[in-house]
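In case you want the letters, here they are:
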Amino acid sequence: MSFFRKLKDRMLKSSSKLEAGLEDLVEEGADAAAPPAPGNAPPAPPAKATPPAADQPAAAAEPAAPSRPGLLSRVIGRDTAPRRVLDDEMLESLEDLLIQSDMGVETAVRVTANLAEGRYGRRLSVEEIKRALADEITRIMEPVAKPLPLYAKTPQVVLVVGVNGSGKTTTIGKLAAQFRAAGKQVVIAAGDTFRAAAVEQLQVWGERAGVPVMTAPEGSDPASLAFDALTRAQAEGADLLMIDTAGRLQNRADLMEELAKIVRVIRKKDPDAPHNTLLVLDATTGQNALSQVEIFQKLADVSGLVMTKLDGTARGGVLVALADRFGLPIHAIGVGEQIDDLAPFDPEDFARALTGLDP
Ligand SMILES: Nc1nc2c(ncn2[C@@H]2O[C@H](COP(=O)(O)OP(=O)(O)OP(=O)(O)O)[C@@H](O)[C@H]2O)c(=O)[nH]1
């Protein structure tokens, strides 16, 4: 199965919600007068009240989706698809639909405003709207799609943060397996020393990935474990050290101190460590993921994101909101519970899967 097909299948909940909404919208307001008269698209009036943000290049430069289907489309009968005029009412409904997919108000407004550029007043089919939406989403996501950078200097220390249950353990296991497969030597430190279950879970993932997991007695200082783990990683010439951390937000001051102490202590061994601080977010929490980014940016120097559980949620739009609002690199996405269910983040594939477009 191609990767795009897998992503699309896994993101079915998000895409089918958006697709169904679009179909309803277009059908509701479809012009009964059947297919558009060739070359009959009304001239575009001035764009909708909400202008595109100044820092966003206007979508007007993009070639607009043709309102008149080409020969091939006519042969396969696509010209019978219902169409709806892209007017203020339609744009408002579109905005609502995007907000429902967890794209957030600001991003939804920007996306629809850009979509209206050069298309306002034209009669569009569901497929044309999907393509235009996918283009807009790709444009927002492209600047943040960056794999975890690998540095020449080793061991590279990756601190992994995020609330409990967000998928930190699973993500560390999946990443470790990928780095191992790429010939890297990896060490994992089970830094959530207060939860025996979390440590055990990480050991299971370490075994699966074929990577050693360093643990410390329950309740011991995570910073001291991190120090020992870095000492070992240096001694063994490891390429990567991934440090799991606690995610208890109930006592934010304690967590901040715990993370700060880990950083202080590992810097005694390597003043540049940690080289990456990965924040793991759970897509099923929707808009809550946005506040988690804000909180963790205060607790730690977050350098990139991994979004988990994009399978099985209709809230995939939150990733667009994250990209639009914070511009933090998105390194990978989790699309399942298995070891190979962590994918590099490809903005175009993601946008097509989210909007339900076929390859
Ligand atoms: N469907 C799906 N489930 C996932 C994904 N990533 C993680 N999970 C599941 O989410 C649950 C929590 O994942 P963990 O990796 O244990 O999360 P954690 O952040 O380490 O949580 P604690 O161990 O409580 O600190 C587990 O049941 C995982 O199998 C994903 O991409 N898709």
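The sections below set out a description of the structure shown in this document. Keep in mind that what you see is a predicted model, and the values were worked out from it rather than measured.

### Notes on the nonpolar core
Membership of the largest hydrophobic core comes to 86 residues, with the highest contact counts inside it found for M141, M307, L319 and F350. For this core, the leading source of residues is helix α6 (residues 126-141), giving 8 residues. The two domains that each donate at least three residues to this core are domain 1 (3-144) and domain 2 (156-355). Setting aside residues up to four positions removed in sequence, M141 forms contacts with L319, V320, A323, I330, F345, P347 and F350.

### Quick word on the site of the ligand
Taken together, 17 residues lie around the ligand, and G165, T169, T170, D311 and E337 are the ones closest in. The contact in question runs from an oxygen atom of the ligand to an N or O atom on the side chain of R195, over 3.1 Å. In this structure, K309 approaches the ligand through a main-chain N or O atom, which is 3.0 Å from an oxygen atom. When the ligand is considered free in solution it has 650 Å² of accessible area, and contact with the protein chains removes 79% of it. Among the detected pockets, the ligand sits in the largest pocket. In terms of residue count, helix α7 (residues 168-181) provides more of the shell around the ligand than any other element does, 4 residues in total. Residues belonging to the shell around the ligand are distributed by class as follows: 2 nonpolar, 9 polar and 6 charged.

### A word on the packing of aromatic side chains
Tallied over the entire structure, the rule returns 1 aromatic pair. With a centroid separation of 5.5 Å and 55° between ring planes, the pair formed by F345 and F350 is classed as tilted. Given the relative accessible area of 8%, F345 is considered buried.

### Remarks on the sheet that holds strand β4 (residues 186-189)
Overall, mixed pairing links the 8 strands, which are arranged β5-β4-β6-β3-β7-β8-β9-β10 in an open sheet. Edge positions in the sheet fall to β5 (213-214) and β10 (342-344), since each of these pairs with one other strand and no more. For β4 and β5, the ladder comprises 2 bridges, and the chain directions are parallel. Residue pairing across strands places A189 opposite M214, the latter belonging to β5.

### Describing the side chain of T112
Along the chain, T112 turns up in helix α5 (residues 105-116). A distance of 2.6 Å separates the side chain of T112 from the backbone oxygen of A108, its partner in a polar contact. Engagement of the side chain of T112 in a polar contact is seen with the backbone oxygen of V109, the distance being 3.2 Å. Once residues lying within four places of it in the same chain are set aside, the contact partners of T112 are L91, L94, E95 and L98.

### Notes on the layout of surface pockets
Each pocket or cavity is described by its volume, and for the largest pocket that value is around 400 Å³. Lining the largest pocket are 23 residues, and of these G165, S166, G167, K168 and T170 sit closest to its centre. At the level of secondary structure, the elements contributing two or more residues to the lining of the largest pocket comprise α7 and α8 (196-209). Taken together, the residues of the lining of the largest pocket break down into 4 nonpolar, 11 polar and 8 charged.

### Considerations on the environment of L290
Take L290: it is sitting in helix α11 (residues 288-299). By relative accessible area, which is 6% here, L290 ends up buried. Along the backbone, L290 and V318 are 28 residues apart, and their C-alpha atoms lie at a distance of 8.0 Å. In this structure, L290 is in contact with A321, L322, R325 and F326, ignoring residues within four places of it in sequence.

### Focus on the pairing of strand β3 (residues 156-161)
The buried count for β3 comes to 6 of 6 residues, which makes it a mostly enclosed element. Covered by surrounding structure in β3 are Q156, V158 and V160 together with V157, L159 and V161, the residues of both alternating faces. The pairing of β3 with strand β7 (residues 276-282) spans 4 bridges and is classified as parallel. Within β7, the residue paired with V158 across the bridge is N276.

Conventions and cut-offs
- Residues numbered from 1 in each chain as written.
- Predicted model: local features only at pLDDT ≥ 70, side-chain atom pairs only at ≥ 80, totals over all residues.
- Heavy atoms only, no water.
- Core = buried A, V, L, I, M, F, W, Y, C linked by side-chain atoms within 4.5 Å.
- Buried < 20%, exposed > 50% of the residue type's maximum accessible area, 1.4 Å probe, protein only.
- Helix = DSSP H or I, 4+ residues; strand = E, 2+ residues; numbered from the N terminus.
- Domains from an automatic or database assignment.
- Contact = heavy atoms within 4.5 Å.
- Near = heavy atom within 4 Å.
- Polar contact = N/O pair within 3.5 Å; in protein donor to acceptor, adjacent residues only side chain to side chain.
- Areas by Shrake-Rupley, 256 points an atom, 1.4 Å probe, with all protein chains shown as cover.
- 1 Å grid on protein atoms, 1.4 Å probe; cavity = no way out; pocket = protein on both sides within 12 Å on 5 of 7 lines; lining within 4 Å.
- Sits in = over half its atoms within 2 Å of the grid points.
- Nonpolar A, V, L, I, M, F, W, Y, C, P; charged D, E, K, R; others polar.
- Phe/Tyr/Trp six-rings, centres within 6.5 Å; stacked < 30°, edge-to-face > 60°.
- Pairing = 2+ DSSP bridges.
- Points joined across faces, edges and corners; volume = space filled by probe spheres on them.

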